[in-house]
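Residue-level listing of the chains:
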Amino acid sequence: MDYITVDTQLSANWDTVTDSESGIVKYWYAIGTSAGATDFVGWTDNGTNTFVTKSTGLIQGDTYYFTVKAENGAGLESVVTNSDGQMLDETLPTEVTVNDGTGADVEYVGSATTLSANWSVSTDGESGILRYWYAIGTSSGATDTTTGWIDNSTNTLVTKTGLTLVDANTYYFTVYSENNVGLVSGVTSSNGQKVDVTSPTAKIEISSSLPAKTGDLEFKLIVDELNEISGTPSLTFKGSDGVVRTCSLENLISSTWTGTFFIESYISTGTANFIFSVGDEAGNTGSLITDTTYFIIDTSFDGSSGATITNSDGTGIIFPAGAYAGDLIINISTPAPSSVSSANSNT
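Residues numbered from 1 in each chain as written. Predicted model: local features only at pLDDT ≥ 70, side-chain atom pairs only at ≥ 80, totals over all residues. Heavy atoms only, no water.

Caption draft 1: A look at the overall build of the protein. Secondary structure assignment for the protein yields one helix and 31 strands. Relative to its length of 347 residues, the protein is extended, with a C-alpha radius of gyration of 41 Å against a globular reference of 20 Å. Taken along its principal axes, the extent of the C-alpha atoms in the protein is 140 × 55 × 30 Å. Scored against the burial criterion, the 347 residues of the protein give a buried share of 37%. Within the protein, contacts between residues at least 6 apart in sequence are counted, and of these 64% link residues at least 24 apart. For the protein, the accessible area works out to roughly 17500 Å², and carbon and sulfur atoms hold 48% of it. Of note, the protein has its 11 positive side-chain charges centred 4 Å away from the centre of its 40 negative side-chain charges. (Helix = DSSP H or I, 4+ residues; strand = E, 2+ residues; numbered from the N terminus. Rg over C-alpha atoms; globule rule 2.2 N^0.38 Å. Buried < 20%, exposed > 50% of the residue type's maximum accessible area, 1.4 Å probe, protein only. Contact = heavy atoms within 4.5 Å. Areas by Shrake-Rupley, 256 points an atom, 1.4 Å probe, with all protein chains shown as cover. Lys, Arg positive; Asp, Glu negative; His and termini not counted. Charge placed at Lys NZ, Arg CZ, Asp CG, Glu CD.)

Caption draft 2: Inspection of the side chain of N46 at higher detail. Turning to its location among the elements, N46 is positioned in the loop between β4 (41-45) and β5 (51-55). In contact with N46, other than residues within four places in its own chain, are W14, Y27, Y29, F51 and V52.

Caption draft 3: Up close: the environment of K203. Tracing the sequence through the fold places K203 in strand β18 (residues 201-206). Residue K203 is classed as partly exposed on the basis of its relative accessible area of 33%. In this structure the C-alpha to C-alpha distance between K203 and I222, which are 19 residues apart in sequence, comes to 5.4 Å. For K203, the contacting residues outside a window of four places in its chain are K220, L221, I222, T290 and D291.

Caption draft 4: Spotlight on the sheet that holds strand β22 (residues 248-253). Spatial ordering of the open sheet is given by β22-β23-β19-β18-β26, a layout of five strands whose pairing is mixed. At either end of the open sheet lies a strand with only one pairing partner, and these are β22 and β26 (288-291). Recorded for the sheet is a direction-independent mean angle of 35 degrees between the axes of neighbouring strands. Strand direction decides the pairing type here: β22 and strand β23 (residues 256-263), joined by five bridges, are antiparallel. (Pairing = 2+ DSSP bridges. Axes fitted to C-alpha atoms, helices over the stretch in contact; angles between N-to-C directions.)

Caption draft 5: The packing of aromatic side chains, seen in detail. As enumerated under the stated definition, the model contains 12 aromatic pairs in all. Judged by centre distance (6.0 Å) and plane angle (40 degrees), the rings of Y29 and F66 are tilted. Separated by 37 residues along the polypeptide, Y29 in strand β3 (residues 24-32) and F66 in strand β6 (residues 63-72) bring together distant segments of the chain. Assessed through its relative accessible area of 4%, Y29 is described here as buried. The class of F66 is buried, set by a relative accessible area of 1%. (Phe/Tyr/Trp six-rings, centres within 6.5 Å; stacked < 30°, edge-to-face > 60°.)

Caption draft 6: Representation of the sheet that holds strand β14 (residues 157-160). Within the open sheet, the three strands sit side by side as β9-β11-β14. Their pairing is antiparallel. Both edges of this open sheet fall to β9 (98-100) and β14, since each of them pairs with a single strand only. Within this sheet the neighbouring strands show an average axis-to-axis angle of 20 degrees, counted without direction. In the sheet, β9 pairs with strand β11 (residues 115-119) via three bridges, with the strands oriented antiparallel. Across the sheet, D100 pairs through a bridge with A117, a residue of β11.

Printed below as a string of structure tokens:
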């Protein structure tokens, strides 16, 4: 089947027929809305011409068939032959909806060389969709990144590699469809995806006095990230005893979190190193701390001044002033519940 886009005329042509006795004196053609039918144009003398253009009004979506026969000098007619039809298609394909990424629409991309997009299926009720065209640009509708339009066949997903993308720039896919008669839909652009190939970093501001004593250690975690981060950062510290302890965080504003960690009396004196991790919406994971990567824990106190030492579970001891001249470290350990139960059962 062929397709036409003009609704005022139909054309057909056919091979020359031979007759070795009386020769061919004329061809007859008719046009119908089914093969062999003559309901649209009845039998018409076309002389000896093997080409015809018939001016007539056509209906959108209908298929028209030419039927042709030859007549010789004796008035005998050949067997009729039909065309495979031609459909009138004047309608444009439907526009598509474009998503950045390979699935649901994304806002960020963590690559400096590759971009992806997908779009809804375009429809054309007459001739169907032949192909999709796409382009990538630095503004909606632009083609400057791909330097023109690219044929994507009938695929509704594309991943374009080998690009040279700029960090923090936003790139837009623009797509249109083409049907089998060459008519194209309107163009549709995505809402853009921002390139982010830079991992988040952080700095820590400790508000408590240092070195850290038994009690609350208060601080702020400030994440430096151009775009959105994904979820809550993870912040731990590793003390001189090798134990990694988790700091609880609460979002204050935007990319700033507050945190408090209780320094127990039994945590070893020495250097404690912060360990940080957070991901962003582009898939980058950051772990670099640019300011305050460590702090000092020193749970000792001056025995001559005395002190009250209390752990987070409320267990504690009061050391009276003057009971000892010099620095002291008191470690208060709470026995495991199973040990308490065992001791109670033996009394």
